[in-house]
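# Examination of the molecular architecture
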Amino acid sequence: MTSINKIKSWGNSFLQLFYPRLCEGCSQALLVQEQILCVGCTAELPLTNYHHIPENETANRFAGRLKFEYASSLAYFTAEGLLQHLLHQLKYHDKQEVGVYLGQQLGLGLRETDWIKTIDVIIPVPLHPKKEAMRGYNQSNSIAEGLSDILNKPVNKTGLYRLRHTESQTKKSRTERIDNMQEVFGVRNATTLEHKHVLIVDDVLTTGATLEACALVLQTIPGIKVSFGTIGIAMD
Ligand SMILES: [Zn+2]
């Protein structure tokens, strides 16, 4: 360690004494080497390890509905579970660093696969501009940035955009949700995405209607291939 880094390290330890960073899972003080979650909470994250299984449940939710290459999710999303809590912090408490962290964790798994090497660009599911302005950020962008850190792939935040805001989907049937997503998304600068393999990224996979709508509009671009990556997969 250089002396500058030693001083920085001491400085961080010193700051930790007075302003401890807290685990987003259990609120205990994090050790200097821990990020976002303590070791105990990291072990409790219900990982799917789907990246080792081509025909996993994430892929199954799209099977027969549209053409896609690969699909994976980082962890199981259950009501009141740790992942639900983390994504709530990301979406409603301005904790963009939680999104970056989760994106990095997804990236570390995907980095073990061969197919991820064929991805050219990461595309986060866009929010409607009004909703993004209200929240101040798009949570999927944070996840995409974390993925990009690990995979060294660029993020394209402008190629796909949301034409209208959809009302809450939670009380709708699957068919209603899919109808509700029709013509919600659009593409711009399509030529830059021609013949590219894109990884579309979202926070939680439920029915897959949102990701399907994104993929279908992207598939109007010649030669494009799509894959899906989400942090959670809802298991209700
Ligand atoms: Zn913890």
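Preceding this paragraph is the structure being described.
Residues numbered from 1 in each chain as written. Predicted model: local features only at pLDDT ≥ 70, side-chain atom pairs only at ≥ 80, totals over all residues. Heavy atoms only, no water.

## Let's talk about the overall build of the protein chain
- A count of helices and strands for the protein chain gives 9 helices and 6 strands.
- A buried classification covers 48% of the 236 residues belonging to the protein chain.
- Total accessible area computed for the protein chain in this model is approximately 12400 Å², and 53% of it derives from carbon and sulfur atoms. (Helix = DSSP H or I, 4+ residues; strand = E, 2+ residues; numbered from the N terminus. Buried < 20%, exposed > 50% of the residue type's maximum accessible area, 1.4 Å probe, protein only. Areas by Shrake-Rupley, 256 points an atom, 1.4 Å probe, with all protein chains shown as cover.)

## Considerations on the coordination of the zinc ion
- All of the protein donors around the zinc ion are Cys 23 (SG), Cys 26 (SG), Cys 38 (SG) and Cys 41 (SG); their distances to the metal are 2.3 to 2.4 Å.
- If you look at the zinc ion, its 4 donor atoms make angles of 104 to 115° with each other, and the shape they trace is tetrahedral.
- Each donor residue of the zinc ion lies on one chain, and together they are spaced C-x2-C-x11-C-x2-C. Pair noted here: Cys 23 is in the loop between helix 1 (3-18) and helix 2 (39-44) and Cys 41 is in helix 2, with a separation of 18 residues, a long-range link. Of the two residues, Cys 23 and Cys 41, neither departs from the other in class, the shared state being buried. (Donors = N, O, S within 2.8 Å, 3.2 Å for Na, K, Ca; no water. Tetrahedral: all angles 85-135°; square planar, octahedral: opposite > 155°, others 65-115°.)

## Description of unusual backbone geometry
- For Ile 36, which is not a glycine, the phi torsion comes out positive at approximately 65°.
- Accessibility expressed as a relative area gives 12% for Ile 36, which makes it buried.
- One non-glycine residue, Asn 189, lies in the positive phi region at around 50°.
- Looking at the secondary structure, you find Asn 189 in the loop between strand 4 (185-187) and strand 5 (197-205).
- Relative accessible area serves as the criterion here: at 52%, Asn 189 is assigned to the exposed category.

## Remarks on the packing of aromatic side chains
- What the rule picks out here adds up to 5 aromatic pairs.
- Look at Tyr 50 and Tyr 76: their rings are 5.9 Å apart centre to centre, the planes differ by 90°, and that puts the pair in the edge-to-face class. Residue Tyr 50 is found in the loop between helix 2 and helix 3 (57-60), and its partner Tyr 76 is found in strand 1 (residues 71-77); the two are separated by 26 residues along the sequence.
- Here the aromatic rings of Phe 62 and Phe 228 are separated by 4.1 Å at their centres, their planes lie at 20°, and the arrangement is stacked. Remark: Phe 228 occurs in strand 6 (residues 225-234) and Phe 62 occurs in the loop between helix 3 and strand 1; sequence separation between them is 166 residues. Comparing Phe 62 with Phe 228 shows no difference in burial state: the two are buried. (Phe/Tyr/Trp six-rings, centres within 6.5 Å; stacked < 30°, edge-to-face > 60°.)

## A few points about the pairing of strand 1
- Burial analysis of strand 1 places 6 of its 7 residues in the buried class, which makes it a mostly covered element.
- Sheet topology places strand 1 next to strand 6; 6 bridges connect them, and they run parallel. Bridge pairing in strand 6 links Ala 75 to Gly 232. (Pairing = 2+ DSSP bridges.)

## Some words on the packing of helix 4 (residues 82-92) against helix 5 (residues 96-110)
- It is at 7 Å that the axes of helix 4 and helix 5 come closest, and there the two elements cross at 130°. Considered as vectors, helix 4 and helix 5 are oriented oblique to each other. You can see that helix 4 and helix 5 cross each other, and the crossing is left-handed. Mapping the contact onto sequence places Leu 83, Leu 86, Leu 87 and Leu 90 in helix 4 and Gln 96, Val 98, Gly 99 and Leu 102 in helix 5.
- Residues belonging to the contact of helix 4 with helix 5 are distributed by class as follows: 6 nonpolar, 2 polar and no charged. (Axes fitted to C-alpha atoms, helices over the stretch in contact; angles between N-to-C directions. Parallel < 35°, antiparallel > 145°, perpendicular 65-115°, else oblique. Left-handed = near helix turned anticlockwise from the far one by under 90°. Contact = heavy atoms within 4.5 Å. Nonpolar A, V, L, I, M, F, W, Y, C, P; charged D, E, K, R; others polar.)

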